Amino acid sequence: MSDRYEQWDIVSSVGFTALMVAAGRAVETNRDGGLVDDPWAERFVDAAGTPQRLPTRPEEGWPRTGQDPAVAAEVDAFWSVMTTYQGVRSRYFDAALTAATERGIDQVVLLAAGLDSRAVRLSWAAGTTVYEVDQPAVLEFKDEVLAEHGAQPRCDRRVVGVDLRDDWVSALRAAGFDPQRPSVWLAEGLLPFLPAAAEADLFAAVDELSAPGSTVAVEHFAPVFESSAAHPAIVAFGAPFGMDLRDLAQTEPRTGPAERLTGMGWSVEAVPSPDAAAGFGRPLPALGSGIRMNSVLLTATKPDQ
Ligand SMILES: C[S@@+](CC[C@H](N)C(=O)[O-])C[C@H]1O[C@@H](n2cnc3c(N)ncnc32)[C@H](O)[C@@H]1O
């Protein structure tokens with residue numbers, strides 16, 4: 001375990017954001033016509049047992065801390081859109097990973113896997129290995145809950161507990177990752193939490209470890225943080241949990257992932273999340289608060305040489 005960087009578990013610091021997005025997936029799962037079916041998400045929320053329970057049902061509002069009713073209404077509206085957004089990105093990345101494995105790629109790397117349940121949720125082709133990389137305590141919590149419910153991975157699931165600002169490449173290779181064979185990578189809900197240098201190193205490492213034909217799928221969430229992290233409704237959103245996204249977000253300027261991957265010679269397809277949502281028949285309503293869910297979802301492929 002690294003002693004150079006702050007560590008966290010599922011109820012602290014950045015770890016808590018994994019629980020928060022799992023709650024969003026739970027709501028979307030429990031919604032008629034939800035874009036994701038993730039029964040594990042609610043189990044994780046239940047097992048975490050936070051003093052203020054995170055909502056997992058569409059009819060539940062976001063906990064409040066006595067803020068004025070207008071801000072509380074904005075928080076609820078944001079949470080409702082956020083849960084739809086979780087469904088949108090889940091559906092988009094499920095498709096990207098599945099398409100890559102259907103092309104014969106048998107190594108999947110979930111960077112900052114958090115409470116991503118794809119290893120037990122999706123049908124993987126025989127012989128697929130799914131590596132889950134995240135902080136050790138986050139993955140220990142996840143393993144405990146999966147074991148408690150007798151989860152059966154539908155792939156060869158390998159847990160890699162390491163800090164992504166540390167030497168995660170060695171840890172991944174030690175877990176069996178083979179850079180000679182094509183791979184598919186996912187960075188969902190990760191980039192806003194990485195310092196700019198760690199993000200640059202991460203993409204350089206992904207490029208280095210990716211054989212031709214590899215794919216990387218990325219959520220570029222920075223535009224949402226940039227426009228909204230200081231908004232009163234977002235501050236009120238974190239307050240019941242003692243969380244302030246302004247403390248967690250890493251905001252040093254950096255090259256966007258589409259430009260970076262293009263510069264590395266990868267071929268990039270990007271879609272603004274509102275367009276992806278509309279394409280799934282679940283448009284993201286504009287928020288009266290002015291908060292904009294204007295992230296970009298992208299998939300890039302490393303060309304054959
Ligand atoms: C918003 S959650 C996303 C989790 C998951 N990808 C999902 O979409 O459900 C952010 C995750 O990033 C992980 N994370 C952030 N920075 C990290 C780092 N430096 N090393 C390892 N994990 C990190 C956190 O522990 C957390 O699980």
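Here the structure is a predicted model, which is why all the values come from computation and not from measurement.

> When you look at the site of the ligand in this model, what are you seeing that I'm missing?
The environment of the ligand is made up of 22 residues, and the closest members are W8, A112, D134, L164 and E188. Side-chain polar atom of D163 to a nitrogen atom of the ligand: 2.9 Å apart, as the coordinates give it. Residue R165 places a side-chain N or O atom 3.3 Å away from a nitrogen atom belonging to the ligand. Isolated, the ligand exposes 590 Å² of accessible area, and the fraction of that covered by the protein chains is 99%. Counting residues per element, the shell around the ligand draws most heavily on helix α1 (residues 13-29), which supplies five residues. Of the residues that constitute the shell around the ligand, the class distribution is twelve nonpolar, four polar and six charged.

> Help me understand the sheet that holds strand β5 (residues 215-220), please; the structure alone is not making it clear to me.
Within a sheet, neighbouring strands are paired by backbone hydrogen bonds and run either parallel or antiparallel to one another. Strand order in the open sheet made by the seven strands is β3-β2-β1-β4-β5-β7-β6, with mixed pairing throughout. Edge positions in the sheet fall to β3 (156-161) and β6 (267-272), since each of these pairs with one other strand and no more. Strand after strand, the sheet turns through a mean of 15° between neighbouring axes, direction not considered.

> Before we go on, may I ask you to explain α1 in this structure?
Note on helix geometry: an α-helix contains 3.6 residues per turn, so any two residues three or four positions apart are oriented the same way. Across its 17 residues, α1 extends 25 Å between first and last C-alpha, which sits within 8% of the 24 Å expected from 1.5 Å per residue. Counting buried residues along α1, 16 of its 17 residues qualify, which places the element largely inside the surrounding structure.

> Could you clarify how one ought to interpret the nonpolar core in this entry?
Considering soluble globular proteins, one finds that nonpolar side chains tend to be buried as a cluster. Ranked by size, the top nonpolar core spans 71 residues in total, and within it L19, L54, W62, F78, L115 and M293 carry the most contacts. The biggest single contributor to this core is helix α3 (residues 69-102), with 13 residues. Ignoring any residue separated from it by four or fewer positions in sequence, one finds L115 in contact with I10, A18, L19, A22, R25, F44, F141 and K142. Core analysis: the second largest hydrophobic core is formed by 29 residues, V162, L172, F177 and V218 among them.

> What is the right way to look at the pairing of β3 in this model?
Along any regular strand, the residues point their side chains to alternate faces of the sheet. The pairing of strand β2 (residues 129-134) with β3 spans six bridges and is parallel. By the bridge assignment for β3, V133 is matched with V160. You can see the chain leave β2, run along helix α5 (residues 136-148) and come back into β3, and the turn it takes is right-handed.

> How should the packing of α1 against α3 be read in this particular structure?
Running from N to C, α1 and α3 cross one another at 85°; their axes reach a closest spacing of 8 Å. Classed by the angle they form, the pair α1 and α3 counts as roughly perpendicular. For the pair α1 and α3, contact is made by M20, V21, A23, G24, R25, V27 and E28 and by W79, T83, T84, Q86, G87, R89 and S90, respectively. Among the residues forming the contact of α1 with α3, the class breakdown is five nonpolar, six polar and three charged.

Definitions and cut-offs
- Residues numbered from 1 in each chain as written.
- Predicted model: local features only at pLDDT ≥ 70, side-chain atom pairs only at ≥ 80, totals over all residues.
- Heavy atoms only, no water.
- Near = heavy atom within 4 Å.
- Polar contact = N/O pair within 3.5 Å; in protein donor to acceptor, adjacent residues only side chain to side chain.
- Areas by Shrake-Rupley, 256 points an atom, 1.4 Å probe, with all protein chains shown as cover.
- Helix = DSSP H or I, 4+ residues; strand = E, 2+ residues; numbered from the N terminus.
- Nonpolar A, V, L, I, M, F, W, Y, C, P; charged D, E, K, R; others polar.
- Pairing = 2+ DSSP bridges.
- Axes fitted to C-alpha atoms, helices over the stretch in contact; angles between N-to-C directions.
- Expected span 1.5 Å × (residues − 1).
- Buried < 20%, exposed > 50% of the residue type's maximum accessible area, 1.4 Å probe, protein only.
- Core = buried A, V, L, I, M, F, W, Y, C linked by side-chain atoms within 4.5 Å.
- Contact = heavy atoms within 4.5 Å.
- Right-handed = clockwise from strand over helix to strand, strands pointing away.
- Parallel < 35°, antiparallel > 145°, perpendicular 65-115°, else oblique.

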